[in-house]
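Chain residues, written in single-letter form:
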Amino acid sequence: MSGRYLVSLDLENKRCLIVGGGSVAQRKAVTLLECGALVHLVSPEVTPLIEELARQGKISHRRGCYESSDLEGMFLVIGASGREDVNRQVADDCLSRNLIVNIVDDPNKGNFFVPATVRRGALEIAVSTGGKSPLLARKIREELEKTYGEQYGEFLDMLGVFRQETIANISEPEKKKRMLESFVDEKILSLLKEGHLDLVKEMLVSAYRGSGR
Ligand SMILES: C[C@@]1(CC(=O)O)C2=NC(=C\c3[nH]c(c(CCC(=O)O)c3CC(=O)O)Cc3[nH]c(c(CC(=O)O)c3CCC(=O)O)/C=C3\N/C(=C\2)[C@@H](CCC(=O)O)[C@]3(C)CC(=O)O)/[C@H]1CCC(=O)O
Ligand SMILES: NC(=O)c1ccc[n+]([C@@H]2O[C@H](COP(=O)([O-])OP(=O)(O)OC[C@H]3O[C@@H](n4cnc5c(N)ncnc54)[C@H](O)[C@@H]3O)[C@@H](O)[C@H]2O)c1
C-alpha cells in the first residue's frame, strides 16, 4: 500500500451518513457533530443516546436497513453496521460514486480511517497506526495530551496575531524570518510548557519590538 495522505477535513454543514446505530456509530455521530456536520443515520436499532440526539433534532435518523439511496447528497459516509455483507455493499456503493467512506472494522475496505486526535484550539495532533493498533493510537494520544496542555491553543492564537503583524510590517525577508523564529525560541517554548502564558505573552511582545526590526 502507498503512503496515506493525511488531511484535516472541513465538515461544517456537510451531509454525512452513518450506517449503523451501535456504540461505534454513536461515537462517530458525536465527533461528526462536533465538527459541524449534518449527520444522518440509518439503522434498524440505535443506542439511547442516538435516539435522544434524533429526538432533539441534532441528527436525522431513518429506522431501517441501509439502501443505496441513503447515499444521495452525502459528502462522507461511515459504515458501522458490524456486518460484513452490509459493509461491503456500503463500501462498493461509495467507491463507485467517488464518495469518501470509512468502514469502521476494516480500514482497507473504505478509503479513509480516522486518527486519534489531540485538539488545542487551532493545534491538531493526529496519531494513526493505519488500523494496526487503535489502542496504541489511543495510548500515544493520551501521552500527547499530557505534554501539550490547553495553553497551546491560546499560545497559537497569540502567535497567529504576531505572525500577521510581522508579515504586514516587516518586508525584509531575513528580518522577517529571524522575527518569526524568535516567537518560538527555546525559552518561550519552555515557559509555555510550564504554563506561564503571561510571561510568554510578554516575551512575544518584546521579541516583536526587538532585534528583528
Ligand atoms: C482513533 C479513533 C477515531 C474514531 O473512531 O473516532 C479510532 N478508534 C477509536 C477508538 C476505539 N477503537 C477501538 C475501541 C474499543 C476498545 C475496546 O473497548 O475494546 C475504541 C474505543 C476507545 O478506545 O475508547 C477498537 C477498534 N478500532 C477499530 C476496530 C476494528 C478493527 O480493527 O477491526 C476495533 C476493534 C478491535 C480492537 O479492539 O482492536 C478500527 C479503527 N479504529 C480507528 C480509529 C481506525 C484506526 C485508527 C488507527 O489505527 O490509527 C479504524 C481502523 C477505523 C476507524 O474507525 O476509522 C478512536 C479514538 C481513540 C482515542 O483517541 O481514544
Ligand atoms: N472503528 C472503531 O473505532 C471500532 C471500535 C470498536 C469496535 N469496532 C467494530 O465496529 C463494528 C461496530 O461496532 P458496534 O459496537 O457499534 O456494533 P453493534 O453491533 O452494537 O452495532 C451495529 C449496528 O448496526 C445496525 N445494523 C445492522 N444491520 C444494518 C443494516 N443493514 N443497515 C443499517 N444498520 C444496520 C444494528 O442495528 C446496530 O445498531 C464491530 O464490527 C466492531 O468490531 C470498531
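Residues numbered from 1 in each chain as written. Chains lettered and ligands numbered in written order. Predicted model: local features only at pLDDT ≥ 70, side-chain atom pairs only at ≥ 80, totals over all residues.

Q: Quick one: what's the story with the site of ligand 2, residue by residue and with numbers?
A: Around ligand 2, a shell composed of 22 residues is seen, among which Gly20, Gly21, Gly22, Val24 and Val104 lie nearest. With 3 residues, helix H1 (residues 23-34) is the single largest residue contributor to the shell around ligand 2. The class makeup of the residues in the shell around ligand 2 is 12 nonpolar, 7 polar and 3 charged. (Near = placed C-beta within 6 Å. Helix = DSSP H or I, 4+ residues; strand = E, 2+ residues; numbered from the N terminus. Nonpolar A, V, L, I, M, F, W, Y, C, P; charged D, E, K, R; others polar.)

Q: Report on the pairing of strand E5 (residues 100-103), specifying residues and quantitative values.
A: Looking along a regular strand, one sees the side chains alternate between the two faces of the sheet. As defined by bridge partners, strand E4 (residues 76-79) adjoins E5 across 4 bridges and the pair is classed as parallel. Residue pairing for E5: valine 77 is matched across the bridge by valine 101. Taking the sense of rotation as the criterion, the β-α-β connection linking E4, helix H3 (residues 84-96) and E5 turns out right-handed. (Pairing = 2+ DSSP bridges. Right-handed = clockwise from strand over helix to strand, strands pointing away.)

Q: Explain the UniProt feature "domain: Siroheme synthase central" (unreviewed entry) in the protein chain to me, and be specific about the residues and the numbers.
A: Here, UniProt's "domain: Siroheme synthase central" (unreviewed entry) annotation points to residues 120-146. For residues 120-146, the helix share is 48%, the strand share is 22%, and the end-to-end C-alpha distance is 12 Å. (UniProt positions renumbered as here; feature names shortened; annotations may be inferred.)

Q: Before we move on, can you summarise the nonpolar core with the specific residues and values?
A: Here is a general trend for soluble globular proteins: nonpolar side chains tend to be buried in one another's company. Residues Ile18, Val19, Ala29, Val39, Leu41, Ile50 and Val90 are the most contacted members of the largest nonpolar core, which totals 26 residues. Among the elements of the structure, strand E1 (15-19), H1, strand E2 (38-42), helix H2 (48-55), E4, H3 and E5 are those that each provide at least two residues to this core. It is E1 that provides the largest number of residues to this core, a total of 4 residues. Formed by 8 residues, the second largest nonpolar core is a distinct cluster that contains Met179, Phe183, Ile188 and Val200. (Core = buried A, V, L, I, M, F, W, Y, C linked by C-beta atoms within 7 Å. Buried ≥ 20, exposed ≤ 12 C-beta atoms within 10 Å, placed from the backbone.)

Q: Describe the sheet that holds strand E3 (residues 59-62), listing the residues and the values that go with them.
A: Ordered in space as E3-E2-E1-E4-E5, the 5 strands form an open sheet in which the pairing is parallel. Single-partner strands in this sheet number two, and they are E3 and E5. Each strand axis lies, on average, 20° off the axis of its neighbour in the sheet, ignoring direction. Note that E1 and E4 share 4 bridges and pair parallel. Across the sheet, leucine 17 pairs through a bridge with valine 77, a residue of E4. Running over the sheet, H1 touches E1, E2, E3 and E4 and is turned about 165° from E2. Contacting E2 and E3, H2 crosses the sheet at an angle of about 115° to E3. (Axes fitted to C-alpha atoms, helices over the stretch in contact; angles between N-to-C directions. Contact = placed C-beta atoms within 7 Å.)

Q: I'd like a rundown of the packing of helix H5 (residues 151-169) against helix H8 (residues 197-209), residues and numbers included.
A: Viewed as axis vectors pointing N to C, H5 and H8 meet at an angle of 15°, and their least axial separation amounts to 11 Å. Relative to H8, the element H5 is oriented roughly parallel. In the packing of H5 onto H8, the handedness of the crossing is right-handed. On H8, the residues that touch Gln151, Glu154, Phe155, Met158, Phe162 and Glu165 of H5 are Leu197, Val200, Lys201, Leu204 and Tyr208. Residues that form the contact of H5 with H8 fall into these classes: 7 nonpolar, 1 polar and 3 charged. (Parallel < 35°, antiparallel > 145°, perpendicular 65-115°, else oblique. Left-handed = near helix turned anticlockwise from the far one by under 90°.)

Q: Describe the domain arrangement of the protein chain, and please don't skip the residues or the numbers.
A: Reports often express the size of an interface as the amount of accessible area lost when the parts come together. Entries for the protein chain in the domain assignment read domain 1 (15-114), domain 2 (115-146) and domain 3 (151-209). For domain 1 and domain 3, the distance between their C-alpha centres works out to 42 Å. (Domains from an automatic or database assignment.)

Q: Describe unusual backbone geometry, and please don't skip the residues or the numbers.
A: Of note in this structure, asparagine 13 is not a glycine but carries a positive phi near 60°. Looking at the element boundaries, asparagine 13 is found in the segment before E1. By the C-beta count within 10 Å, which is 9 here, asparagine 13 ends up exposed.

Q: If you had to explain the confidence of the model for the protein chain to someone new, which residues and values would you point to?
A: With 98% of its residues at a pLDDT of 70 or more, the protein chain shows a mean pLDDT of 95. Across the predicted assembly, pTM comes out at 0.91 and ipTM at 0.93. (pLDDT = per-residue confidence, 0-100.)

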